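# Survey of secondary and tertiary structure
Listed below, chain by chain, are the residues.
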Amino acid sequence: MKIDEAREVRTTCPYCGVGCGVLAKVAANGEVTVRGDPDHPANFGRLCSKGSALAETIDLDGRLLYPEIHGRRTDWDEALDLVASTFSRTIAEHGRDAVAFYVSGQLLTEDYYVANKLMKGFIGSANIDTNSRLCMASSVAGHRRAFGSDTVPGSYEDLELADLIVLVGSNLAWCHPVLYQRIAAAREKRPDMKVVLVDPRRTMTADIADMHLAIAPDGDVALFTGLLAYLGQHNALDRTYITAHTTGFGQALFAASALDLAGIAAATGLGEDELVRFYSLFAATANTVTVYSQGVNQSSSGTDKVNAIINCHLATGRIGKPGAGPFSVTGQPNAMGGREVGGLANMLAAHMEIENPEHRDRVQRFWSAPAVAEKPGLKAVEMFQAVADGRIKALWIMATNPVDSMPDADAVEAAIKACPFVVVSDVLAKTDTVRHAHVRLPAAAWGEKDGSVTNSERRISRQRAFLATPGEARADWWIVAEVAKRMGFDEAFSHPSPADIFAEHAALSAFENDGARDFDIGAYAGVDAETYEELAPFQWPAPSQGTPLWPAGHLPLRGGDQPSSWPSLVVNVAERAPSVELPISHLEGEMAGRPEGGVQAGHSSASTRFFANGNFYTPDGKARFIPIRPVPQTRTNEKFPLVLNTGRVRDHWHTMTRTGKSQRLSQHLAEPFAEIHPADAQHFGIGDADIVRVSTEHGEVLLRALVTARQRPGSVFVPMHWTDQFSARARVDALVAPITDPISGQPASKNVAARVERFAAVAFGFAVLAERPASIDADYWSLARCAAGWRLELALEADRDWPGFAASLFGADAPGETLAYHDVAGGHYRFARFAGSRLTGALYLAPRPVAVSRGWAVEQLSADHADRRGRLAIVAGRPGGNSVDRGAIVCSCFGVGANQIAEAVRGGCVSVEAIGATLHAGTNCGSCRAEIRTIIEARRLHAAE
């Protein structure tokens, strides 16, 4: 793509499942800026800190730009021929189940569709699974058990219409900030609106909560089965809805009555009075939305948790109505799109079932495929176990980093290293997974990719390219299709563009669909390239008004059929795509009447809901209550007495392959940490900012201790993002056991038996560096980007030759002047290297965690240091008289530090709004507002003393 004039492109954020619209503006000189799309119905112009920093992540630093075989640069023909021939030979020698694809919610729907089509329809195996298995598989399983389909009933606007929102296992303020801000804004307009947070940790989301239930790990099943029993005991049921639209209520209520209130309290770790307050609030509030995320899904009882929640909504008829319903929010930008195309090993495309022979036959006929997989494939954890034991001999990993994200990650890494043939398609040349690939294929990145994604409310949006594809990088769908052609499947994979793939995907959703399947976007089956380019966000279903798509006896995509030769639809997609509402009243009555409302094709906030009038996707059209009995999930023991909980932080995502590029996003939390309750810290002899060793049966990591009463006693929280690219020993998923939910196959990443002990460091260090060091000889280190360079945290178990150590970090052969200060007796050492008037490195060492202001030190890399006195201030490690120390960064969007906020409070800013008006902090994504409020309250307490 030639960049020769300023333009603004509508696209979609590549981070979480909120699916925010983004306007990317490309200047004539190629400079890119981003802002939220005010017309996109997911975010209405809001962006979180990560989305706001997207323009900082699109540089070519570290990009994989050319195909490689065994580390040797090659061309596409040689690389693709090798992949195709090796997969074909492996299948011929060992069977179709000896190969596997492990794909990603980072893929676009068109990428996902082609990969699924190749594996399930033409290779004939279902060994294709996705990292979304780690995110929302339990929601899929729970939906299918209850509804007969993987259907999310509600929409985002329900969060604004609800009178009660129950957030379960969801730190919405940090993980889905735009949704959090929608709720916060709605609550300001309606102060009577209530929010309950169910989470072992008092996260920043608690700032908006009227009630925080600090539940025991995996206590959610007991909490919601107890709620169902309470609703039955207090006549808070919608018996009309239960009778007309559900089955199995009696059995579910009987199972829920197994525990009395005291038993529920014991199982949840909550007080009986807390339970009664929550239960009575839920019972009395008709408009209730229960939002749940990884705290529910990532559990060995995750599917039961999902169904326990759904049971309560079915029992009260609170589903599919404005402001009411269970709501799963996903963690990846296209987890939902992957579900739609059958990206999971136990699903077929278009929400069809791999176990259903009619569905298999339908998909096979549509694709004109030689054979469709007849049984579910290996789910993610099983897949890598099969790689380890040799059943899988050829593995293709696309757009994901399982060496860091999978449970038992060290075993996963060993399996990949031992696999005879590993292909990785990725954007970066160096990740913890790419380093083990035999063939490395350069994929297009966000800004270069062209396709579609689906967000958590079933809204399909376009990701559009606004940057030229660098080097020889290619779209993932193109890479897969080229391999498929070389395997002999030319006709079925002769897709000229993503528009053609989307049209085929839409046509399959409508193929022989008489309303018995929820996913139907048949109105877009005839979409052409021009209409696809202008496609506005829309919520599915978007059916073709009941008109058959194909004449009798005609099947799409036989031979070289392209969309231009397909039969015309009654609905002219090209005419209605910009903003026209497609009515779906034809779905009522005979065709089940499942969606409530209208299907939106344009930038409307109106939404489509399912199930208010029943009509579920089960054989009898009724929802199924699932009888659930709480089962204790205790895993701790004398050797490992603490519960390890893993999760996300505010400004990083996944394994930092994108956010790690942004210096702004590394200001808030620049190193991996372990949150520990003060009582546990005292018991184990751990001080704040110590380095701690967290261990389980599977491995150990080294992390910075963060002692906080926000943590539940007996638990430790560790973020999941840090990898070997950014830290020495912080791959926390190496500690997680490969225990999975027996139904969904989702790993239990929130309840791991662990122990914590102080790491006996003799020296702690902090450095700022203009260049990333080639190697770091330290027991603990964590590296993060900063303005004009890098910041580095260190801890060492033994003394070093400190001048030599400093030289190795600064670059031993780099010219310049080094100033140093040595206090041998006290164990304090400081070094500063200058090249002319520019600081190229500063290192501070001490026997305790270094007290130098990180924010001030980082800024010195960008400052002019011609003045000798200023150089000595750097060696001293403290600002000079004219320097300003912002303190630890609180607001990443505007770079506002804690010291600045405290100073503003002293100056009379005594509210979050006043701070925002003065410093802008908290006025963009708002995810720092809780921290700002904490600083304000701390200053008030200090003043009162």
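Rules behind the numbers
- Residues numbered from 1 in each chain as written.
- Predicted model: local features only at pLDDT ≥ 70, side-chain atom pairs only at ≥ 80, totals over all residues.
- Heavy atoms only, no water.
- Helix = DSSP H or I, 4+ residues; strand = E, 2+ residues; numbered from the N terminus.
- Rg over C-alpha atoms; globule rule 2.2 N^0.38 Å.
- Contact = heavy atoms within 4.5 Å.
- Areas by Shrake-Rupley, 256 points an atom, 1.4 Å probe, with all protein chains shown as cover.
- Lys, Arg positive; Asp, Glu negative; His and termini not counted.
- Charge placed at Lys NZ, Arg CZ, Asp CG, Glu CD.
- Expected span 1.5 Å × (residues − 1).
- pLDDT = per-residue confidence, 0-100.
- Pairing = 2+ DSSP bridges.
- Salt bridge = Lys/Arg side-chain N within 4 Å of Asp/Glu carboxyl O.
- Buried < 20%, exposed > 50% of the residue type's maximum accessible area, 1.4 Å probe, protein only.
- Core = buried A, V, L, I, M, F, W, Y, C linked by side-chain atoms within 4.5 Å.
- Polar contact = N/O pair within 3.5 Å; in protein donor to acceptor, adjacent residues only side chain to side chain.
- Axes fitted to C-alpha atoms, helices over the stretch in contact; angles between N-to-C directions.
- Parallel < 35°, antiparallel > 145°, perpendicular 65-115°, else oblique.
- Left-handed = near helix turned anticlockwise from the far one by under 90°.
- Nonpolar A, V, L, I, M, F, W, Y, C, P; charged D, E, K, R; others polar.

## What to know about the overall build of the chain
Scanning the chain from terminus to terminus reveals 30 helices and 38 strands. Whereas a compact globule of 945 residues would reach a radius of gyration of roughly 30 Å, the chain reaches 28 Å, a difference of no more than 12%. Along the three orthogonal principal directions, the C-alpha set of the chain runs to about 90 × 70 × 55 Å. Relative to all contacts within the chain whose residues are 6 or more apart in sequence, the contacts with residues 24 or more apart total 71%. Here the chain displays about 31900 Å² of accessible surface, and carbon together with sulfur accounts for 50% of that area. Distance between charge centres in the chain, computed from 92 positive and 108 negative side chains, equals 3 Å.

## Quick look at helix α14 (residues 302-316)
A rise of 1.5 Å per residue sets the reference length of α14, with its 15 residues, at 21 Å; its end C-alpha atoms lie 22 Å apart and thus fit the reference within 8%. The positive-phi residue at the C-terminal boundary of α14 is Gly-317, with phi of around 65°.

## Quick look at the confidence of the model for the chain
Across the chain, the average pLDDT comes to 90, with 92% of residues at 70 or higher. Contacts from residues 546-606, a stretch scored under 50 in pLDDT, to residues over four places away or in other chains number 146 contacts.

## A look at the sheet that holds strand β19 (residues 538-539)
Across a sheet, strands are paired by hydrogen bonds formed along the backbone, either parallel or antiparallel in direction. Taken together, three strands build an open sheet; the order of strands is β17-β18-β19 and the sheet is antiparallel. The open sheet terminates on both sides in strands that have one partner only, identified here as β17 (451-454) and β19.

## Considering the pattern of salt bridges
Within the structure shown, the criterion is met by 63 salt bridges. Across the pair Arg-63 and Glu-448 runs a salt bridge, and its minimum N-O distance is 2.9 Å. Of this pair, Arg-63 sits in the loop between α1 (49-52) and β4 (68-69) while Glu-448 sits in the loop between β16 (439-442) and β17, and the two are 385 residues apart along the sequence. Two residues, Arg-435 and Asp-724, come together in a salt bridge whose shortest N-O distance is 3.0 Å. A residue pair is termed long-range when its members are at least 10 positions apart, and Arg-435 in the loop between β15 (421-426) and β16 and Asp-724 in the loop between β29 (715-719) and β30 (752-758) qualify at 289 residues. Taking the relative accessible area as the measure of exposure, Arg-435 reaches 34% and is therefore partly exposed. Here the residues in one salt-bridge network are Asp-404, Asp-410, Glu-413, Asp-432, Arg-435, Asp-724 and Arg-731, joined through shared partners.

## Comments concerning the nonpolar core
Generally speaking, a soluble globular protein has its nonpolar side chains buried in company with each other. One finds Phe-87, Phe-101, Phe-224, Phe-278, Trp-396 and Ile-521 to be the most contacted residues of the largest nonpolar core, which totals 121 residues. The contacts of Phe-87, once residues within four sequence positions are left out, are Val-99, Ala-100, Phe-101, Ala-394, Leu-395, Trp-396, Phe-421, Val-423 and Met-487. Counting 53 residues, the second largest nonpolar core, distinct from the first, contains Trp-174, Ala-186, Ala-206 and Val-291.

## Let's talk about the side chain of Thr-11
Note that Thr-11 resides in strand β1 (residues 7-12). With relative accessibility at 3%, the residue Thr-11 sits in the buried group. Of the polar contacts made by the side chain of Thr-11, one reaches the backbone nitrogen of Arg-464; its length is 3.0 Å.

## Some thoughts on the side chain of Arg-133
Tracing the backbone shows Arg-133 in the loop between β7 (128-130) and α4 (137-147). Overall, the relative accessible area of 1% leaves Arg-133 in the buried class. There is a polar contact of 2.7 Å between the side chain of Arg-133 and the backbone oxygen of Ser-744. Not counting residues within four places of it along the chain, the set of residues in contact with Arg-133 comprises Leu-344, Ala-345, Asn-346, Lys-379, Ala-380, Ser-744, Gly-745, Gln-746 and Pro-747.

## Considering the packing of helix α8 (residues 220-233) against α14
Their axes nearest at 8 Å, the elements α8 and α14 cross at an angle of 20°. It follows from the interaxial angle that α8 and α14 lie roughly parallel. Relative to α14, α8 is oriented so that their crossing is left-handed. Contact residues: Asp-220, Val-221, Phe-224, Thr-225, Leu-227, Leu-228 and Leu-231 in α8; Asp-304, Lys-305, Ala-308, Ile-309, Asn-311, Cys-312, Ala-315 and Thr-316 in α14. Its residues placed into classes, the contact of α8 with α14 shows nine nonpolar, three polar and three charged.

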